[in-house]
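Given next are the chains, with one letter for each unit.
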There are 2 protein chains.
Amino acid sequence: MTPPSSARARPGPPRALSEAEILAAALRLLDQGGPAALSVRGVANEVGVSPNALYTYFPTKSALARALVEGLLGQVDRRTLVDRSQPWRTRIVAFALAVRTLLLDHPGAVPLLLGSPYDGPNALASHEELLEVLADAGLTPEDAARAAYLIITYILGSIALDVAEHDPAAAPLDEPARTAARRAALTHIPPGSYPRTAASAEVIAAYNTTTQYTWGLRRLLDGLAGSTATTR
Amino acid sequence: MTPPSSARARPGPPRALSEAEILAAALRLLDQGGPAALSVRGVANEVGVSPNALYTYFPTKSALARALVEGLLGQVDRRTLVDRSQPWRTRIVAFALAVRTLLLDHPGAVPLLLGSPYDGPNALASHEELLEVLADAGLTPEDAARAAYLIITYILGSIALDVAEHDPAAAPLDEPARTAARRAALTHIPPGSYPRTAASAEVIAAYNTTTQYTWGLRRLLDGLAGSTATTR
DNA sequence: ACCTGAACACCGTTCAAGT
DNA sequence: ACCTGAACACCGTTCAAGT
């Protein structure tokens, strides 16, 4: 018995285009060529369709970008963040590292992320979970909310500054290569004008490392812990 | 005696175009219509010249954008930052507020700032001066450098998140209006799914205020002060 | 050195038309 | 509902030419 030709089940004659397929193609272009490569016409070409066909699925290019960002945020590993058996610092550090790992794998998405409001379901879920960790840390609801925003701000700000140095069209570099490039650039700055900067060149070259990222986060968490009694 | 017609002094027959004039026109477009309004052709039209004439002054559009950002950073008031008679926290808070004030006056420039490497003369000078404040605060050179980057990261991250919510083409809103808009948006999120977020809606609506900004900065400075003996 | 006209290879989006 | 062809009003940049 052949099944009835419902719109759901048919393999379809020409193409079974879908939102997911479009977003996957968009992410591919973003990863290869950066934000400049993410064009409506480019995505259409990638999925083998005429440019205006995409308007059936997304009303504008920026709606497509928002959906892409939301999809990426959904891939952040939040298992440790919500694990109440872990110490609160561990949970926050794990979340911060998970966001960073994901976004450094998709640096082209960072400008998109910073250009869209932080209000999708995945953003809201992360926020809610951060409020829980900070309540578990002993903060009042008011301080927990302020602290959650401070943490989000630090995470996204750090990643944005890091990504801003890459050529979006070039192949992504690993951490030692990026530090080496920064070190090389620092040798060109005049020590006479910027003596302290020159003297700390090694640390500054490593601004974009995981070490600096977690150092800053821990100082920040220290500041939050100081505003409460318990720091378990 | 008429002066010799040196290239320097002449009022010129058609137009005395200059880098400064081009940058001023670019900033005007940016302020009125956001980053999308900053086009080579638009700037050329604004200064009354054909599009390709700009290539005499800037090799590419992104070079123009970098020069624009560098010019804006030069307008940040750093007088308190370098005033060694002031307590170190005061100096840093004053700098952070000065950067924020300037960039909220030119929100369209923020995506440009986050898209260019932080390596111009004004960026380097701020960095050098931050290292001095933090040394005055008693940090080791190594900790001072890490701390400087933490502070820069916080400043730019906060401002970026704030600006991301505005319509770049719309007229800029003042702080109470922006908070009211956030409060209105928050009433649409389901309290069942995000109970803590819903319970803290008032604080969250105020995420983009000066109060939240300085609260976060002070927690961060608390964290830095904890890593040293003296906190004068 | 500084500017123009014309062109190239792109954009996002809309509209009328087809199935 | 979903797709196409054609068009509109834009882009950044280059090239040859003028002064």
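Computed from a predicted model, the values in this text were never measured in an experiment.

1. Thoughts on the packing of helix 1 (residues 19-33) of chain B against helix 3 (residues 61-73) of chain B
Residue and element names in this part refer to chain B.
Working step 1: Closest axis-to-axis distance for the helix 1/helix 3 pair is 10 Å, and the angle between their directions is 85°. Classified by the interaxial angle, the pair formed by helix 1 and helix 3 is roughly perpendicular. Across the interface between the two elements, I22, L23, A26, L27 and L30 from helix 1 touch L64, A67, L68 and L72 from helix 3.

2. Some details on the packing of helix 6 (residues 121-136) of chain A against helix 7 (residues 141-164) of chain A
Residues and elements named next belong to chain A.
Working step 1: Between helix 6 and helix 7, the least distance of the axes is 9 Å, while the angle of their chain directions is 120°. In terms of their interaxial angle, helix 6 and helix 7 are classed as oblique. Judged by the twist between their axes, the crossing of helix 6 over helix 7 is right-handed. Only A144, A145, A147, A148, I151 and I152 of helix 7 make contact with helix 6, whose side of the interface consists of H127, L130, L131, L134 and A135.
Working step 2: Residues of the contact of helix 6 with helix 7, tallied by class, amount to 10 nonpolar, one polar and no charged.

3. Concerning the protein's contact with DNA strand D
Working step 1: If you check the shell around DNA strand D, you find 16 residues, and the closest are S50, N52 and Y57 of chain A together with R41 and Y55 of chain B.
Working step 2: Sugar plus phosphate: this is where 50% of the atoms of DNA strand D within 4 Å of the protein reside.
Working step 3: Y55 of chain B places a side-chain nitrogen or oxygen 2.8 Å from a phosphate oxygen of DNA strand D.
Working step 4: Class assignment for the residues of the surface near DNA strand D results in seven nonpolar, six polar and three charged.

4. Structural notes on the interface of chain B and chain A
Bring the parts together and some accessible area is lost; that lost area is often taken as the interface size.
Working step 1: Taken together, the contact between chain B and chain A spans 51 residues of the former and 51 residues of the latter.
Working step 2: For the pairing of chain B and chain A, the buried interface totals around 4,500 Å² over both sides, and the portion due to carbon and sulfur atoms is 68%.
Working step 3: On the chain B side of the interface with chain A, the three residues burying the most area are R146, Y149 and R196 of chain B, jointly 16% of the side's total.
Working step 4: At the junction of chain B and chain A, the tally comes to zero salt bridges.
Working step 5: Here chain B and chain A share 13 residue pairs in polar contact (both at pLDDT 80 or more) between them.
Working step 6: Of all the secondary-structure elements, those providing two or more residues to the side of chain B that touches chain A are helix 5 (109-115), helix 6 (121-136), helix 7 (141-164), helix 9 (195-199), helix 10 (201-205) and helix 11 (210-225) of chain B.

Thresholds applied
Residues numbered from 1 in each chain as written. Chains lettered and ligands numbered in written order. Predicted model: local features only at pLDDT ≥ 70, side-chain atom pairs only at ≥ 80, totals over all residues. Heavy atoms only, no water. Axes fitted to C-alpha atoms, helices over the stretch in contact; angles between N-to-C directions. Helix = DSSP H or I, 4+ residues; strand = E, 2+ residues; numbered from the N terminus. Parallel < 35°, antiparallel > 145°, perpendicular 65-115°, else oblique. Contact = heavy atoms within 4.5 Å. Left-handed = near helix turned anticlockwise from the far one by under 90°. Nonpolar A, V, L, I, M, F, W, Y, C, P; charged D, E, K, R; others polar. Near = heavy atom within 4 Å. Polar contact = N/O pair within 3.5 Å; in protein donor to acceptor, adjacent residues only side chain to side chain. Buried area = accessible area lost by both parts, 1.4 Å probe. Salt bridge = Lys/Arg side-chain N within 4 Å of Asp/Glu carboxyl O.

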